[in-house]
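In case you want the letters, here they are:
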Amino acid sequence: MQIFTCPFCGPREEAEFHFAAEAGKHRPQPAEETSDADWADYLYFNDAPRGPAREVWVHVTCGEFFVMTRDTVTREVSDVAPLPGRTA
Amino acid sequence: MTGWRHDNAGSCIDRDRPVSFTFDGAELAGFTGDTLASALLASGVRVLGRSFKYHRPRGLWGMGGEEPNAIFDITEDGVTTPNIRATTEPLREGMALRSVNTAPDAARDRAGALDMLSRFLPAGFYYKTFMTPGWMRWEPMIRRMAGLGRLDPGHRPPADTPQTNGRCDLLVIGAGPAGLAAARAAARAGREVWLVDEADEIGGSLRWRGGEIDGGDWREFARDTRHAVSAAGGRVLTGTTLWGAFDHGLFAAWERRTGAPDRHWRIRARDTVLAAGAIERPLWFANNDLPGIMSAEAALHYLALHGAVAGRRILLATGNDASYPVAAALAGAGCTVTLADARATTPDPPEGVTVLKDARITRARGRPSVMAAAVGGRRIEADTILVSGGYTPSVHLHCQAGGKLDWNAKADSLVPRPDTSPLHVAGAANGSFGLARALEEGHAAGGGTGPAPQVAAGDWTLGAMRPDPALPGRQWVDPQNDVTLKDVRIAAQEGYRSVEHLKRYTTLGMATDQGRSANFAGLAAMAALTGRSIPETGTTTYRPPFSPVPLGVIAGPRRGDLFNAPRRLSLEALHRAQGAEFREYGGWLRPAAYGRGEEAEHAQAEARAARDTVGIYDASPLGKIEVIGPGAADLLDYCGYVRLSTLEPGRARYGFMLNETGIVHDDGVVFRLAADRFIVSASSSHATSVRMMLEEARQDIFDPRQSYIHDVTAGFVTLTVTGPAARGLLRAAGIPEAVLDDATMPHMSVTETTWNGHALRVARVSFTGDRSYELTVAARHGAALHAALDAARAEVDGRWIGMEAVMILRAEKGFILVGKDTDGLTMPHDLGWTGPRDKRTDEYLGRRALFTPEANRDDRRQLVGLEIAGDTPLPTGAHLVPPEGARRSLGFVTSSYFSPTLDRPVALALLEGGRARIGQEVGVFHMGETALARVCPACALDPKWERLHA
């Protein structure tokens, strides 16, 4: 059971968190001018890196989304931060 | 019958407290302090069970979790627990032991004849032979013969194991010499130490090997350690198996307690020392699986702790110094001991022990148990053969935590590679054998300063012992699963050379000892057969649990009703008082119908009453997600399929929430109470996920300071009144008249008023197609509302209706349940809701995906209704097929009920190109039969929607 640190609440067990998205993956805008292939790419293709990964997670108990940098092999969490433009 | 009880040896048993028990029906006796294994050994019972495949007789091998043979079904107080390991279970008065894999008992097993067929049953035999005509045909027969113990279907162990979290500075796993030294050093430095050991007492191998530490008896050292740990605020957990190492330093431990339920620990430690010791390896020679062949270390263990002696004429075959004290102790106990050492250079013979140098055992003889052995071509009479093939460090937890292994030639074993796991490994678990090195490493691992505890004893040396595939006769590698060296050779020949493949092909190491007795030999043999070194051959993966743990311990109270506990209505007691039978709907426990007996009949009567007069149902689980603030309308426009910013305050609108792939995630009504205040009435099972989707958009796409989302579902009670007499009922209950006026409260409107001195929200929405009112009050006023409606319902001949009736009412109208009448491919236009897709020009969640080639296919599955002849509703889930020609699935029945109002069955279905098929016939395939149905619009009742205003 991993321990993640919510930037708003502090360290909690992983059962309180859900994965939300890959960080830095932008919704193509304007969507209607995006090709079918690019839209499918946005929807279905994720990097799933082996090693360091930046991800958006949500602390379900407080409802806040945040960015977590963690290593998918060692499970080490190196950084947590609020979404860009927000402060904890 | 060769084991016996020594007159005075045995530090753990209480000779004043005898205990009687039975084994396969025979009355036997032991003492308090015995394990099942020691009591059986002292009683002279040799054949304790049968092997899995050939049903060969099996006797006691070890002293702990490595025991592959002595496994019993144990009946106590009328309850049978299967597959208990005799070496770790304390003896209690009246226990009835039954051997496994045997019929009628271990000594006279009928299937023993299978052993004569063994040359026809090599590795892979079952896989290859029983594929024709199909494994399923053979499986029941094979399963009856295999499979260890028998489950007692009446046995429901209590779900009473507390789950307790623990924290400490240093967790020390194993309380042998290395663990004691580590714990003492750390505790003396003021650290909070938890010292955990599987045995009931601390000391590890010191308990049977003894020893002097710092000039005193080891027991003083152990006592001193225990005091130091307690003084520093730590704890000593004995009888506790640390069974798993998990992510981020979480350890799980199973504490066995007497007089209280066992306890399951979740321990997080700042640092961890693994001092789990090592397990003795067997030796490999012909018939090395005979009862009476035992681990040398185990023999010393039983002699020292229980006074149980393995035999009288003992041959001890070894290749290391650690066996010499064993031989000395047995000779001292009165046994005739011959020690056959495979090495040319040996220590001095202990007193009374005959030592043969350069002597290898090649065969054991005897039936059903040991009578003699062949050593270097010479016959040696012996009733017991003790063996030691070296030691395998217990590295399991290091590997579970991600650690790697290195080959250590001096220890002749794979040892933890430093710094590859967060655990500090010390002592025999690190391949550092002998008391002095264990103390030294433990002391260092505990952060000890100054000299380590001192001992006089010297280092051990050991010679590498390996299986010799060239030796004639069957040599067992895995005694429980009957894997022989020949099977390893077959696996190598057939290309299963990776240890993971070897394991799966031969079942090597898959027995209940998890390979403790078998894996090293299998690995060494495969290395020899393929010309590789042992580190090149590799090891199998170590996974939790370290040793078998009852599932009930891990589950704790999360069983039965508490496994996935449903949410409860705040008015549940009132519904029960009216005879409601409850069932789970979308994670909530709700009334299915009112009254005992046939639920379906009650549901029919309730549905008819709701159409004729009025029905009342508890709709509290409906999501109530408040979206508040100046940005609320924009946020909801983006998150919804239907625009909501154009909704007037006081009005309600039905819509969908899609996910980014355009699939319908939920449907429901949104109320606008004020310009900046909405309530999203998500369906009960989707309220949580809808809230998270709203939150994600709010925080990621919009300015989060402009809106706020608040799920208040649990804070309110909602009772829905539906039917032509709904207004009459509300009037009788004293609901304000203004609410009942169709001019101020038309269909799809909402208002906040007061009733009975408290806030009441009334919404005119309908899930039944009839005039309906949803009445919502704060949960604490729910009972008052319930009482008022209940008193008023008599005047209009209304009744409470359960969810089964509601399901009928909504299906008659073609109203869907997302997830029942839709699946993971359903888009809103498949349900007939094409408006926003055609007309909206602003961006919204899921919009882009509604315009892909896939979304535009004209053979998409669309919602339709089905009409059939006769009175029997279609089976839900039945596939729709072309009425003639080749059969293929065109979709399936999603909802199906008998409608009491229409007096015929109604059904909803998802059907390929469904709307274009309206009026046509379609086949309904079920249980091999195809019936015919006519495709019709989803709405079967009141298609002109006149009842809404009745």
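Preceding block: the structure.
A. Region of the structure containing the overall build of chain B. Across its full length, chain B holds 24 helices and 52 strands. Partitioning the intrachain contacts of chain B with sequence separation of at least 6 by distance along the chain shows that 64% fall at a separation of at least 24. Carbon and sulfur atoms form 52% of the exposed surface of chain B, whose accessible area is close to 39,000 Å².

B. Spotlight on the sheet that holds strand β48 (residues 879-881) of chain B. Residue and element names in this part refer to chain B. A barrel is described by the order of its strands in space; here six strands give the closed sequence β47-β50-β49-β48-β51-β52, paired in antiparallel fashion. This sheet shows a mean twist of 45° between the axes of neighbouring strands, independent of strand direction. For strand β47 (residues 861-867) and strand β52 (residues 929-936), the ladder comprises three bridges, and the chain directions are antiparallel. Across the sheet, the residue bridging to glycine 865 is cysteine 936, located in β52. Of the strands in this sheet, β49 (891-899) and β50 (904-912) are in contact with helix α22 (residues 803-812), which crosses β49 at around 115°.

C. How the structure looks around the environment of B:Leu97. Residue and element names in this part refer to chain B. Tracing the chain through its elements places leucine 97 in strand β8 (residues 96-99). Of the residues examined, leucine 97 reaches a relative accessible area of 2% and is grouped as buried. Non-local contacts of leucine 97, meaning those with residues more than four positions away in its chain, are made with Phe21, Thr22, Phe23, Asp24, Leu36, Leu40, Phe72, Asp73 and Ile74.

D. How the structure looks around helix α18 (residues 632-639) of chain B. Residues and elements named next belong to chain B. Most of α18 is tucked away: seven of the eight residues are buried. Within α18, the full set of buried residues consists of Ala632, Ala633, Leu635, Leu636, Asp637, Tyr638 and Cys639. Packed against the buried residues of α18 are β37 (625-628), β38 (651-658), β39 (664-674), β40 (677-682), α19 (687-700) and β41 (708-711).

E. Quick look at the state of the cysteines. The final tally for this structure, using the stated rule, is zero disulfides over all chains. Free of any disulfide, B:Cys639 has its nearest cysteine sulfur in A:Cys62, 19 Å distant.

F. The arrangement of the pairing of strand β2 (residues 14-23) of chain B in detail. All names here are of chain B. Across seven bridges, the pairing between β2 and strand β3 (residues 26-32) is antiparallel. Looking at β3, one finds that phenylalanine 23 is bridged to alanine 26. Hairpin geometry of β2 and β3 is characterised by an intervening segment of two residues between the two adjacent antiparallel strands and by a positive phi of about 50° at aspartate 24. Relative to β8, β2 runs parallel, the two sharing two bridges. Bridging across to β8, threonine 22 finds its partner in alanine 96.

G. Representation of the interface of chain A and chain B in the model. At the junction of the two partners, chain A supplies 27 residues and chain B supplies 27 residues. For the pair chain A and chain B, the summed buried surface comes to about 2,100 Å²; carbon and sulfur atoms form 48% of the total. Among the residues chain A hides against chain B, the three largest losses belong to A:Met1, A:Arg27 and A:Phe65. Together they make up 26% of the total. Where chain A packs against chain B, one counts seven salt bridges. One salt bridge connects B:Glu843 with A:Arg27, and the closest N-O pair in it is separated by 3.0 Å. Our enumeration of links across chain A and chain B arrives at 15 residue pairs in polar contact (both at pLDDT 80 or more). Residue assignment for the side of chain A that touches chain B shows that the elements contributing at least two residues are β1 (3-6), α1 (36-44) and β5 (64-71) of chain A. Of all the elements, α1(A) adds the most residues to the side of chain A that touches chain B, at five residues.

H. Quick peek at the nonpolar core. All names here are of chain B. Core analysis: the biggest nonpolar cluster contains 53 residues, and Phe72 and Leu386 have the highest contact counts within it. At seven residues, helix α7 (residues 296-306) tops the list of elements feeding residues into this core. With 48 residues, the next largest nonpolar core counts Trp284, Ala342, Ala364 and Leu485 among its residues.

I. Local environment of the sheet that holds strand β23 (residues 361-365) of chain B. All names here are of chain B. Pairing in this open sheet of three strands is antiparallel, and the strands run β23-β24-β25 from one edge to the other. Bordering the open sheet on either side are β23 and β25 (378-381), each of which pairs with just one other strand. Looking at each pair of strands side by side, their axes are set apart by 25° on average, direction ignored. Here four bridges tie strand β24 (residues 372-375) to β25, and the two strands are oriented antiparallel to one another. Within β25, the residue paired with alanine 373 across the bridge is isoleucine 380.

J. Structural context of the side chain of B:Arg85. All names here are of chain B. Within the element layout of this structure, arginine 85 appears in strand β7 (residues 79-85). As a buried residue without a salt bridge, arginine 85 has its nearest oppositely charged side chain in glutamate 198, at a separation of 6.1 Å. Once residues lying within four places of it in the same chain are set aside, the contact partners of arginine 85 are Gly64, Gly65, Glu67, Ala70, Thr512, Asp513, Ser547 and Pro548.

K. Region of the structure containing the packing of helix α11 (residues 485-493) of chain B against helix α13 (residues 519-530) of chain B. Residues and elements named next belong to chain B. It is the contact of α11 with α13, at a shortest axis distance of 10 Å, that shows an interaxial angle of 50°. Judged by the angle between their axes, α11 and α13 are oblique. Handedness of the crossing formed by α11 with α13: right-handed. Here α11 contributes Leu485, Val488, Arg489, Ala491 and Ala492 to the contact with α13, which in turn contributes Gly522, Ala525, Met526 and Leu529. A breakdown of the residues in the contact of α11 with α13 according to their chemical character gives seven nonpolar, one polar and one charged.

L. Looking closely at the side chain of B:Thr161. Looking at the element boundaries, B:Thr161 is found in the loop between α3 (135-145) and β9 (163-173). The contact partners of B:Thr161, leaving out residues within four places of it in the chain, are B:Asp262, B:Arg263, B:His264, B:Gly552, B:Val553, B:Gly556 and B:Pro557.

About the criteria used
Residues numbered from 1 in each chain as written. Chains lettered and ligands numbered in written order. Predicted model: local features only at pLDDT ≥ 70, side-chain atom pairs only at ≥ 80, totals over all residues. Heavy atoms only, no water. Helix = DSSP H or I, 4+ residues; strand = E, 2+ residues; numbered from the N terminus. Contact = heavy atoms within 4.5 Å. Areas by Shrake-Rupley, 256 points an atom, 1.4 Å probe, with all protein chains shown as cover. Pairing = 2+ DSSP bridges. Axes fitted to C-alpha atoms, helices over the stretch in contact; angles between N-to-C directions. Buried < 20%, exposed > 50% of the residue type's maximum accessible area, 1.4 Å probe, protein only. Disulfide = S-S within 2.5 Å. Buried area = accessible area lost by both parts, 1.4 Å probe. Salt bridge = Lys/Arg side-chain N within 4 Å of Asp/Glu carboxyl O. Polar contact = N/O pair within 3.5 Å; in protein donor to acceptor, adjacent residues only side chain to side chain. Core = buried A, V, L, I, M, F, W, Y, C linked by side-chain atoms within 4.5 Å. Lys, Arg positive; Asp, Glu negative; His and termini not counted. Parallel < 35°, antiparallel > 145°, perpendicular 65-115°, else oblique. Left-handed = near helix turned anticlockwise from the far one by under 90°. Nonpolar A, V, L, I, M, F, W, Y, C, P; charged D, E, K, R; others polar.

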